[in-house]
Each structure stands twice: as structure tokens, then as C-alpha cells.
Amino acid sequence: MSRARTVLAVLAALVLSAGLVAVLRHGTAPAGADAPAEEAVRALLDRRARAVLERDEAAFTADLDPEADPAFLAAQRGLFAALAEVPLAEWSYRVADAAGDESGGDERALTVLLSHRLSGVDERAGEKPLGYRFSRRDDRWLLTSDTAPGRTTWRGPWDFGPVRVGAARGGLVLAHPGGEAQAARALAELDDAVDAVTDVLGPRWGGRVAVLVPSGDAELRALVGDGFASGGLAAVAVSDPVVPGRTPTGQRVVLNPAVVAPLPDVQFRVLLRHEITHVATRASVVDGAPMWLLEGFADHVGYLGSGLPADQVAPALAARVRAGDPPSALPSDADFRGAGIDLAYQEAWSFAEHLARAHGEPALLALHDRLTALGPAAGSDVDAALRATTGAGLAEQLAAWRGFLTTTFTP
């Protein structure tokens, strides 16, 4: 994530690819379940997935319960229409372990996992939970609601209105009517941003990314969580939980339109590159890796070639150095929350910048790869990684960093 950087672009409508694949996977009916009911529900989910991929609205709505809440029925029709331009390579459902389902008779409350993949962006499909309720009407099982008590329902962009899609060599921008200006801005920057990240990282990632422009606060919270949405961040890179050794799924750059709109073009460009760096490195990052390295490295990539002077990149840090109080330690993870967040980002950027200038970008990248693969890192880990990649330990590098800051910010 970053404190002040990102937006997107939405332009020409895309037509669904002809090579859509419906992967209709079936869960195993839980012990003691009503097997005919479970089979009927799985068949319903198969039809629902096929209807989305084949753009068959009649088939999609045929399994909706006519006695359901009219608001739910309207939302389902809206969801189907909202997907019209989204290039789906895969869309499928499967029933998760339903052992906790205490409903019976003519009602079923189940967690259903939605698996979807965007064409040309996602290498693998990720799964999102949906809390579905089903009802039996005469001899048929029908979908009654997508909000089951005690179950989580994930909401995607298509749950918040028609999705407009812009395509570039570097990926896709998804937005809604009303978000055209920010979508177009992001789309115009996307190819250069992807190229800039790849220039530093090499061909370790797919080189394509999806950028989302939410319609408002409700969608922003659904996509990134309440904590990030309420933190005043300009953009967040999100993904599904990472499984070691497997390509991450669900990776998206989500912009905060309210924060991004007033950003100057150069700051928007930095923001987009920063967040794409997080996407490009996510496969090798173990949760809990030091924030000063994650954010400092992403800012280093983001600011490369920006032409911005150090005083503009790190004004709070510059003021501290000129006051004779340069930092003596790297910022802690806690420093990246609350009132000191701007200074923490600036310190992290400046340390990464120091290492890149003193030892070369390959050394900085090697340090990033070595430390982020460990997850939470003790001081001894940081010291060992610095010695292995730069030839100097933590104490030496902190002293050299303070000298770099003095030279950089003192007239």
C-alpha cells in the first residue's frame, strides 16, 4: 500500500473472449447431508456459472426463487448486467464444507466458493466466499438469498453497478459510470508503469495487472477492508491469502478515488508504480516481512525517473535532518500506522535509495528478496541479509544512511 499514490482508467468496452472456460467443480456432499438436495444445489450452481460465461440471462435468472426479496432479485439481475463487459476466462462455483449447515427440510444455508479469473491478467483463479440460501419450491431447489446468517459474502466490482473495462498491453482497468476520468488516467499510465516495474524486477511476474476504481466508500471497503478504506490511503494492492510455492490469486490494485483525484500527474504516476511493485513481488513475500523494506522498495521503484527532488519526496524527513535530528533506526511496522506514517514512508524510501546508490540496484533487489522471504525478521536477520547483499552490517549501513541523509538534505 502507499500513502499517496494511484488511480485508473476505463475506456473502450471489451467483448467477452470466445475461449471462455467454465470450470464446474463439485464438492463432496457432507456426511449426513440430504444427498438429493446437495446434488440439486450443485446442479443449480453449474447452470448459474454456465449462464454467466455464455451470457444467458434467462438461464441465470431461471434458478432464482420468485418468492425471494424483490431487492435480491433486482440485485441479481443487476449483477448479471454489470458483468457484460468483464473479460472472464473462468467463472465457477462449488459448495464448501457444509458440515456446519444446521438448516434442513426445505431450506439450505451454505457457503459457496466463487472462483473467477480475468482473461489476460490472472494466471490462476482465486476463490471468494458467498453465503447462499436455497429454498425448495415444489420439486425444485432455488436460490433465495446471497446473505446467509453467520456466513460471509464477498462483493466484487459487479455488485456495485455496471463495470466498464479499459484494456492496455499492461492489463485492465475496471471502473463504473462516473469514474471515467480516473479510469482513463490510470489506463494512460498503465503500460509505462508495468514496464518501469519490470525494468527493475525482470521477468519474474506476468507483466499484467488489474486496476479497480471503486464507485464509492462501500465498494472500497468491500474490496480492501475497513482498516485500509478508513486510513486515508490513496491505493492498496490486495491479494488472496498466499500459498507458498503457488502463484498468488486475486491480485488487484484498488484506488481510493477521493484521495487520488487531486493528485498531480507525477504523484499519480509514482503511486501506480508503487502499488504495481507490490503486485509484482507478492509471490515471494512472506506475510510479516518488514514494512520498511516492503514500502521503501516499492517507493524506490515508484520514484525512479520521476524527476522529483529529494526535498519533495521526503519533506518531513528533510526538516528533521536539517534540525540536526536524523533518524538513528529504521521505522518499525507500527510507525506505518497513525500520525507518523508520512515520516515512516520517507525514511523507508531514503534507506532504499541509499542502498541503491551506494551498492547498486541489484544489491537492493537481492536484499528485498532475501529478507521478505523470511517474513518477520529479527535484527540479526536484517544484519545478516545486509552483510550478504551489500558487504556491510546493519550498524554500518545505518551510519552510512545518516551520512547520506545529511549530504542529501543539508545545503
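Structure's up top.
None of the values given here were measured: they were computed from a predicted structure. (Residues numbered from 1 in each chain as written. Predicted model: local features only at pLDDT ≥ 70, side-chain atom pairs only at ≥ 80, totals over all residues. Heavy atoms only, no water.)

A look at the overall build of the chain
Broken down by element type, the chain carries 15 helices and 9 strands. Counting all 411 residues of the chain, 52% fall into the buried class. For the chain, the proportion of contacts with a sequence separation of at least 24, taken over those separated by at least 6, is 69%. Put simply, the chain shows about 16800 Å² of open surface, and 53% of that area lies on carbon and sulfur atoms. (Helix = DSSP H or I, 4+ residues; strand = E, 2+ residues; numbered from the N terminus. Buried < 20%, exposed > 50% of the residue type's maximum accessible area, 1.4 Å probe, protein only. Contact = heavy atoms within 4.5 Å. Areas by Shrake-Rupley, 256 points an atom, 1.4 Å probe, with all protein chains shown as cover.)

As for the sheet that holds strand 7 (residues 209-212)
Across the sheet, which stays open at both edges, the 5 strands sit in the order 5-6-7-9-8 with mixed pairing between neighbours. Two strands in the sheet have a free side with no partner beyond their single neighbour: strand 5 (164-168) and strand 8 (235-238). For this sheet the average axis-to-axis angle between neighbouring strands, irrespective of direction, equals 20°. Note: strand 8 against strand 9 (residues 252-255), 4 bridges, orientation antiparallel. Paired with Ala 237 across the two strands is Val 253, which belongs to strand 9. Packed on one face of the sheet, helix 5 (residues 217-224) meets strand 7, strand 8 and strand 9 and runs near 150° to strand 9. (Pairing = 2+ DSSP bridges. Axes fitted to C-alpha atoms, helices over the stretch in contact; angles between N-to-C directions.)

A few points about the packing of helix 4 (residues 180-201) against helix 8 (residues 265-281)
At a minimum axis distance of 9 Å, the contact between helix 4 and helix 8 shows a crossing angle of 55°. The angle between helix 4 and helix 8 falls in the class oblique. Once helix 4 is placed against helix 8, the crossing between them reads as right-handed. Facing helix 4, whose interface residues are Arg 185, Ala 186, Glu 189, Leu 190, Asp 192, Ala 193, Val 194, Ala 196, Val 197 and Leu 201, helix 8 presents Asp 265, Phe 268, Arg 269, Leu 272, Arg 273, Ile 276, Thr 277, Ala 280 and Thr 281. Grouping the constituent residues of the contact of helix 4 with helix 8 by class yields 11 nonpolar, 2 polar and 6 charged. (Parallel < 35°, antiparallel > 145°, perpendicular 65-115°, else oblique. Left-handed = near helix turned anticlockwise from the far one by under 90°. Nonpolar A, V, L, I, M, F, W, Y, C, P; charged D, E, K, R; others polar.)

What to know about the pairing of strand 9
Neither face of strand 9 is left uncovered, since the one carrying Arg 252 and Val 254 and the one carrying Val 253 and Leu 255 both have all their residues buried. Examined bridge by bridge, strand 7 and strand 9 share 2 bridges and lie parallel to one another. Directly across from Val 211, in strand 9, lies its bridge partner Val 253.

Structural notes on the sheet that holds strand 4 (residues 140-145)
Strands sit in the order 1-2-3-4 across an open sheet of 4 strands; the sheet is antiparallel. Bordering the open sheet on either side are strand 1 (88-95) and strand 4, each of which pairs with just one other strand. With strand direction ignored, the average angle separating the axes of adjacent strands in the sheet is 40°. As paired strands, strand 1 and strand 2 (residues 107-118) are joined by 7 bridges and run antiparallel to one another. Each bridged residue has a counterpart across the sheet, and for Leu 88 the counterpart in strand 2 is Leu 118.

Points about the environment of Gly 232
Inspection of the secondary structure puts Gly 232 in the loop between helix 6 (226-229) and strand 8. Residue Gly 232 is classed as partly exposed on the basis of its relative accessible area of 34%. Taking the C-alpha atoms as reference points, Gly 232 and Asn 256, 24 residues apart in sequence, are found 8.2 Å from one another.

Considering the pattern of salt bridges
Tallied over the full model, the rule gives 25 salt bridges. In this structure, the salt-bridge partner of Arg 47 is Asp 63, at a minimum N-O distance of 2.9 Å. Here Asp 63 lies in the loop between helix 2 (57-62) and helix 3 (70-82) and Arg 47 lies in helix 1 (residues 35-53), a separation of 16 residues in the sequence. The salt bridge involving Glu 353 is made with Arg 357; its shortest N-O contact spans 3.3 Å. One end of the pair is Glu 353 and the other is Arg 357, both in helix 12 (residues 341-359) and 4 residues apart, which spans about a single turn. With relative accessibility at 58%, the residue Arg 357 sits in the exposed group. (Salt bridge = Lys/Arg side-chain N within 4 Å of Asp/Glu carboxyl O.)

What about the side chain of Thr 111?
In this structure, Thr 111 sits in strand 2. For Thr 111, the side chain forms a polar contact with the side chain of Arg 151, separated by 3.0 Å. Once residues lying within four places of it in the same chain are set aside, the contact partners of Thr 111 are Arg 94, Val 95, Ala 96, Pro 129, Leu 130 and Arg 151. (Polar contact = N/O pair within 3.5 Å; in protein donor to acceptor, adjacent residues only side chain to side chain.)

Focus: helix 8
Across its 17 residues, helix 8 extends 25 Å between first and last C-alpha, which sits within 8% of the 24 Å expected from 1.5 Å per residue. With respect to burial, helix 8 is a largely interior element, 14 of its 17 residues being buried. (Expected span 1.5 Å × (residues − 1).)

Remarks on unusual backbone geometry
Positive phi outside glycine occurs at Arg 55, with the angle close to 55°. Positionally, Arg 55 belongs in the loop between helix 1 and helix 2. You will see that Asp 138, though not glycine, has its phi angle at about 60°, which is positive.

A word on the side chain of Arg 282
Tracing the chain through its elements places Arg 282 in the loop between helix 8 and helix 9 (291-303). Owing to a relative accessible area of 16%, Arg 282 belongs among the buried residues under this scheme. In contact with Arg 282, other than residues within four places in its own chain, are Ser 239, Val 242, Pro 248, Gln 251 and Asp 287.

As for the packing of helix 14 (residues 379-390) against helix 15 (residues 394-409)
Between helix 14 and helix 15, the shortest axis-to-axis distance is 8 Å and the interhelical angle comes to 75°. Comparing their axes, helix 15 and helix 14 come out roughly perpendicular. Taking contact as the criterion, the partners of Gly 379, Val 382, Asp 383, Leu 386, Arg 387 and Thr 390 in helix 14 are, on helix 15, Leu 394, Ala 395, Glu 396 and Gln 397. Looking at the contact of helix 14 with helix 15, its residues break down into 4 nonpolar, 3 polar and 3 charged.

Everything listed is a geometric property; what it means functionally is a separate question.
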